[in-house]
Amino acid sequence: MKPPPANAIVNQLVAHTLGLLVFGGSLGLGAVWMRQEIFSAANRNRTLEVKIADAERRLDEIDAEVATAMNPDSLLTRNSGLRLALGAPREPQVIRVNESPELRLAAKLNREIFTIGRPDAGSETVSFQVVPAAYH
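Note that the structure is predicted; figures quoted are calculated from it, not measured.

Within the protein chain, the secondary structure is distributed over three helices and zero strands. Reading the protein chain from its N terminus to its C terminus gives the helix and strand order α-α-α. A buried classification covers 1% of the 136 residues belonging to the protein chain. Put simply, the protein chain shows about 13,000 Å² of open surface, and 64% of that area lies on carbon and sulfur atoms.

Moving on to a nonpolar patch on the surface. On the surface, Val 10, Val 14, Leu 18 and Leu 21 cluster together into a nonpolar patch covering about 380 Å² of accessible area. Tracing the sequence through the fold places Val 10 in helix α1 (residues 6-69). Classification of Val 10 by relative accessible area gives partly exposed; the value is 47%.

Turning to the pattern of salt bridges, a few remarks are in order. What the rule picks out here adds up to four salt bridges. For Arg 58, the salt bridge goes to Asp 54, with nearest N and O atoms at 3.6 Å. Of the two residues, Arg 58 and Asp 54 both sit in helix α1, four residues apart, roughly one turn of that helix. The exposure class assigned to Arg 58 is partly exposed, which follows from its relative accessible area of 44%. Where Arg 57 meets Glu 61, a salt bridge forms, and the shortest distance between an N and an O atom there is 2.9 Å. Note that Arg 57 and Glu 61 are positioned in helix α1 at a spacing of four residues, about one turn of the helix. A relative accessible area of 41% places Arg 57 in the partly exposed class. Residue classification places Glu 61 among the partly exposed residues on the basis of a relative accessible area of 40%. In this structure, a network of salt bridges that share partners links the residues Asp 54, Arg 57, Arg 58 and Glu 61.

On to the confidence of the model for the protein chain. Here the protein chain averages 85 in pLDDT, while 82% of its residues score no lower than 70. Highest mean pLDDT in the protein chain belongs to α1 (94); lowest belongs to helix α3 (residues 101-109) (85).

Moving on to helix α2 (residues 72-81). Among the 10 residues in α2, one count as buried, and that is only a small part of the element. Where α2 terminates, the next one or two residues include Arg 83, which has phi positive at roughly 55 degrees.

Tracing the backbone shows Asn 79 in helix α2. In contact with Asn 79, other than residues within four places in its own chain, are Leu 84, Ala 85 and Leu 86.

Moving on: unusual backbone geometry. With phi around 55 degrees, Arg 83 is a residue other than glycine that occupies positive phi space. Within the secondary structure layout, Arg 83 lies in the loop between α2 and α3. A positive phi is found at Ala 85, a non-glycine position, where the angle reads about 60 degrees. Along the polypeptide, Ala 85 turns up in the loop between α2 and α3.

Criteria and cut-off values
- Residues numbered from 1 in each chain as written.
- Predicted model: local features only at pLDDT ≥ 70, side-chain atom pairs only at ≥ 80, totals over all residues.
- Heavy atoms only, no water.
- Helix = DSSP H or I, 4+ residues; strand = E, 2+ residues; numbered from the N terminus.
- Buried < 20%, exposed > 50% of the residue type's maximum accessible area, 1.4 Å probe, protein only.
- Areas by Shrake-Rupley, 256 points an atom, 1.4 Å probe, with all protein chains shown as cover.
- Patch = residues over 30% accessible without salt bridge, like charges linked within 9 Å, V, L, I, M, F, W, Y side chains within 5 Å.
- Salt bridge = Lys/Arg side-chain N within 4 Å of Asp/Glu carboxyl O.
- pLDDT = per-residue confidence, 0-100.
- Contact = heavy atoms within 4.5 Å.

Shown next, in the form of structure tokens:
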């Protein structure tokens, strides 16, 4: 058996070196591309955080304006300024609600859904307990 020519070993060495360079270059380009994607995602997150903070700030401003407008002194000033001649409610006119108004209005809205039997069945309704979710 003859030994391979000397240039065949050199050709294999050059081919393997070129393959290794191409593989390493593709890994390098992949790493650069990944870093670019991470950078652009971070920029998008930063702009979203700025938009969220701006929306929260505007919401706080609106809440402050509503609280100022609902102040009894402000209401009395508007009443006299617009010459409405409205009076403050007296205690017998005030009805205090101890339960959640959202649940009470939902039950009132969906009362016909929970009626058992015929629509003229009277006061037979399903009783259920609604537990509101809490974010803890």
